[in-house]
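The primary structure of each chain is shown beneath.
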Amino acid sequence: MSDQIKEFAEVPKEFFRDGSQFINRCTKPDKKEFIMISKAVAIGFLVMGFIGFIVKLIHIPINNILVGSA
């Protein structure tokens, strides 16, 4: 019984120890790295927006054909 209690108490300690090691290992990105990440995110937004625009462009005529102009 006491082994189960010790094991149950060990889980939060291990979680906080791993979390503190992770936070200590993390570093703030420098300017070059930040710009690179920002460019990648911007390109991702543009690609997803372009894909959405193309899908919408294709969907409108198909919808008009199926539903018809009522």
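This structure is a prediction, so every number in the text was calculated from the model and none was measured.

The rules behind the values
Here, residues in each chain are numbered from 1, in the same order as that chain's written sequence. Note on the predicted model: pLDDT of at least 70 is required for a residue's local features to be given, and 80 or more for side-chain atom pairs to be given and counted; whole-chain, interface and lining totals, by contrast, use all residues. The side-chain values count all of the structure's non-hydrogen atoms but skip hydrogen atoms and water molecules. The way it works is that DSSP assigns letters per residue, a run of H or I at least four long becomes a helix, a run of E at least two long becomes a strand, and they are numbered from the N terminus. In this treatment the radius of gyration is a C-alpha quantity, and the globule benchmark scales as 2.2 Å times the residue count to the 0.38 power. Throughout, exposure labels follow a simple rule: accessible area from a 1.4 Å probe, protein chains only, divided by the maximum for the residue type, with under 20% read as buried, over 50% as exposed, and the rest as partly exposed. With residues, only the protein chains shown are counted as cover, and all accessible areas are computed by Shrake-Rupley using a 1.4 Å probe. In this tally, Asp and Glu contribute negative charge and Lys and Arg positive charge; neither His nor the terminal groups of the chain are included. Throughout, a charge is located at the NZ atom of Lys, the CZ atom of Arg, the CG atom of Asp or the CD atom of Glu. Side-chain rings of Phe, Tyr and Trp, where Trp is taken by its six-membered ring, are said to pair if the distance between their centres is within 6.5 Å; with planes under 30 degrees apart they count as stacked, over 60 as edge-to-face, and otherwise as tilted.

### Focus: the overall build of the protein chain
Stage number 1. Counting its secondary structure elements, the protein chain contains two helices and zero strands.
Stage number 2. Whereas a compact globule of 70 residues would reach a radius of gyration of roughly 11 Å, the protein chain reaches 26 Å, over 25% beyond that.
Stage number 3. Along the longest, intermediate and shortest principal axes, the C-alpha atoms of the protein chain span 75 × 45 × 10 Å.
Stage number 4. Evaluated residue by residue, the protein chain yields a buried proportion of 0% over its 70 residues.
Stage number 5. In the form shown here, the protein chain has an accessible surface area of approximately 7,100 Å², with 71% of it arising from carbon and sulfur atoms.
Stage number 6. Separation between the mean location of the 9 positive side-chain charges and that of the 7 negative ones in the protein chain comes to 15 Å.

### Here's the deal with the packing of aromatic side chains
How two aromatic rings sit relative to each other is set out by the distance from centre to centre and by the angle between their planes.
Stage number 1. Under the defined criterion, the tally for this structure stands at one aromatic pair.
Stage number 2. Measuring from centroid to centroid gives 5.6 Å for F15 and F16, while their planes differ by 70°, and the two rings are edge-to-face.

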